Amino acid sequence: MALQVFTAVTGAGWESELVGALDRDDHGVTVVRRCVDVAELLAAAATGTGQAALLSAELRRLDGETVARLHAAGVAVVGLVEPGDERAAQRLRQLGVVQVLPADADPQAIAAALRDAVSGGPVESRDVADLRGALPAPVAPADEPVPAADGGGRVVAVWGPTGAPGRTTVAVGLADEAARLDVPSLLVDADVCGGVVAQVLGLLDESPGLAGAARQAGAGTLDARALVSLAWAVRPHLRVLTGLARADRWPELRPSAVTTVLEEARRLARLTVVDCAFSVEDDEELSFDTVAPRRNGATLAVLEHADTVLCVTGADPVALQRCVRALDQLREVLPDVEPVLVVNQLRRGPVPGDPREEVAAALERFTGRRPRVFLPADRRATDAALAAGRTLAEVAPGSPLRGELRALAAELAGVRAPAAGRRGLLARRAG
């Protein structure tokens, strides 16, 4: 059966000739609709009559959300660019189009790419492989720091239950301590319910930050240079991408755009620490509408794409109960995510006996996993840092909490801590 294909390559001088060539029987492709704009393409995709779409980079109003909606409708996407147009090829890849070919490619090679996009398997055609290799892969600017040849920076998500378990304190502390260990770090405030990283660090919270990066990611124009321009340079090796100035702006953080931001962050920093919102509900009331914005989508995207997820919980009975419920929800929505338990604000009083042993035993009993990290309560130090809009290292360098965060940051970044500290805590993943 011939592959049913939509085209949206209007404005290109080669469109008519290409469509006619693809419609030939020996290619196994049938063009069922030639769309003139994004709106018509999305409407056609919603009918379920096509399996793939052939797009040109010049298509007006083409963005990451369009590609995401096509994928949600079960339509695979292949992009075409003018021969030698490296910028257009990079933009399409950033929008989520994996298969990108030059417009002068042989129709048989384009048909093979369409079939491969639908099947999700590797391209067997040598011609297609050669054509794909001729187009540039997206890279960071040469004058920006790149952690590895493959842009393999690590992403750490700091998440936890509702309440105030100290997610932001932990996220800020980890990013700051990693930077002080000479690890290029990026702190991202992705809390869609009320991010306060900017306030904690005394930064102007009206800057575009993550929302600006998400807008550029949706338009396919985000790269390492643009990300640098949107992030505050707090100190050497530490940049901060501030969050939403108001919680009602959460629709600006589309999951696909947030994912693209994280991909660019990996190229910019060796360690990216993301402060997440607590809620991981799958917005069931909107599940019938796959294109509706979802408030928890940004949080789920971060948790799904992070290399390490830290679940931060308080050490009192109420916080522990919330943690148990939150982990149950996370297991239902993202069963493949295995968070590392971090017990924050550990102190005597809220639980009888040895607080470390009691808390560890309770969490193991109700969640099946033991905490790997314990952070002591140091209210005086955290209050001083918050009042001054500075970090623990600046206002309380000798704080026990600061020492534990420093050791944890060293492990996450894969570097040696300057003082004897915890070893191997994150190597033993819960499970």
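The model shown is predicted, which means the values in this text are computed figures rather than measured ones.

Undergrad: Any chance you could explain the overall build of the chain here in plain terms?
TA: Of the regular secondary structure elements, the chain holds 17 helices and 13 strands. Long-range contacts, defined as pairs at least 24 residues apart, comprise 72% of the intrachain contacts of the chain with a sequence gap of at least 6. About 19300 Å² of surface is accessible on the chain, with carbon and sulfur atoms providing 49% of the total.

Undergrad: Looking at this model, I keep getting lost on the side chain of Thr-367. Mind explaining?
TA: You can see Thr-367 is positioned in helix H14 (residues 355-367). At a separation of 3.3 Å, a polar atom in the side chain of Thr-367 contacts the main-chain carbonyl oxygen of Arg-369. Thr-367 has contacts with Val-324, Leu-327, Arg-331 and Leu-341, leaving out every residue within four places of it along the chain.

Undergrad: Even after reading the chapter, I still don't get helix H17 (residues 400-413), so can you show me in this structure?
TA: Structural remark: α-helix, 3.6 residues per turn; residues separated by three or four positions point the same way. With 14 residues, H17 ought to run about 20 Å at 1.5 Å a step, and its terminal C-alpha atoms sit 20 Å apart, in line with that. Counting buried positions along H17 gives 10 out of 14 residues, so the element sits mostly inside the fold. When H17 is considered as a whole, its buried residues turn out to be Leu-401, Arg-402, Leu-405, Arg-406, Ala-407, Leu-408, Ala-409, Ala-410, Leu-412 and Ala-413. For H17, the side-chain oxygen to backbone nitrogen distance between the N-cap and Leu-401 is 3.2 Å, and the N-cap itself is Ser-399. Of the residues one or two after H17, Gly-414 is the one with positive phi, at around 75°.

Undergrad: For this particular structure, what's the right way to read the nonpolar core?
TA: As a rule of thumb, nonpolar side chains are buried together in soluble globular proteins. Counting 56 residues, the largest nonpolar core has Trp-159, Leu-227, Leu-241 and Leu-303 as the members making the most contacts within it. The element best represented in this core is helix H11 (residues 255-268), accounting for 6 residues. Val-172, Leu-201, Ala-396 and Leu-405 belong to the second-largest nonpolar core, a separate cluster that totals 38 residues.

Undergrad: Help me out: how do you make sense of the pairing of strand S8 (residues 232-235) in this one?
TA: A regular strand carries its side chains on alternate faces of the sheet. Here S8 runs beside strand S9 (residues 238-241); their pairing, made up of 3 bridges, is antiparallel. Of the residues in S9, the one forming a bridge with Trp-232 is Val-240. Taking the residues that link successive antiparallel strands as the turn, the S8-S9 hairpin has 2 residues, and the phi of His-237 there is positive, at about 75°.

Undergrad: Would you mind showing me how to read the packing of H11 against helix H12 (residues 297-305) here?
TA: Helix-helix packing is characterised by the crossing angle of the two axes and by the distance between the axes. In contact at an axis separation of 8 Å, H11 and H12 are set at 40° when each is read in the N-to-C sense. Once H11 is placed against H12, the crossing between them reads as right-handed. In this structure, H11 uses Pro-255, Val-258, Thr-259, Leu-262 and Arg-266 to contact H12, whose residues at the interface are Gly-297, Ala-298, Ala-301, Val-302 and His-305. Per-class residue counts for the contact of H11 with H12 are 6 nonpolar, 3 polar and 1 charged.

Conventions and cut-offs
- Residues numbered from 1 in each chain as written.
- Predicted model: local features only at pLDDT ≥ 70, side-chain atom pairs only at ≥ 80, totals over all residues.
- Heavy atoms only, no water.
- Helix = DSSP H or I, 4+ residues; strand = E, 2+ residues; numbered from the N terminus.
- Contact = heavy atoms within 4.5 Å.
- Areas by Shrake-Rupley, 256 points an atom, 1.4 Å probe, with all protein chains shown as cover.
- Polar contact = N/O pair within 3.5 Å; in protein donor to acceptor, adjacent residues only side chain to side chain.
- Expected span 1.5 Å × (residues − 1).
- Buried < 20%, exposed > 50% of the residue type's maximum accessible area, 1.4 Å probe, protein only.
- Core = buried A, V, L, I, M, F, W, Y, C linked by side-chain atoms within 4.5 Å.
- Pairing = 2+ DSSP bridges.
- Axes fitted to C-alpha atoms, helices over the stretch in contact; angles between N-to-C directions.
- Left-handed = near helix turned anticlockwise from the far one by under 90°.
- Nonpolar A, V, L, I, M, F, W, Y, C, P; charged D, E, K, R; others polar.

Such coordinate-based values are descriptive only and should not be taken to indicate function.
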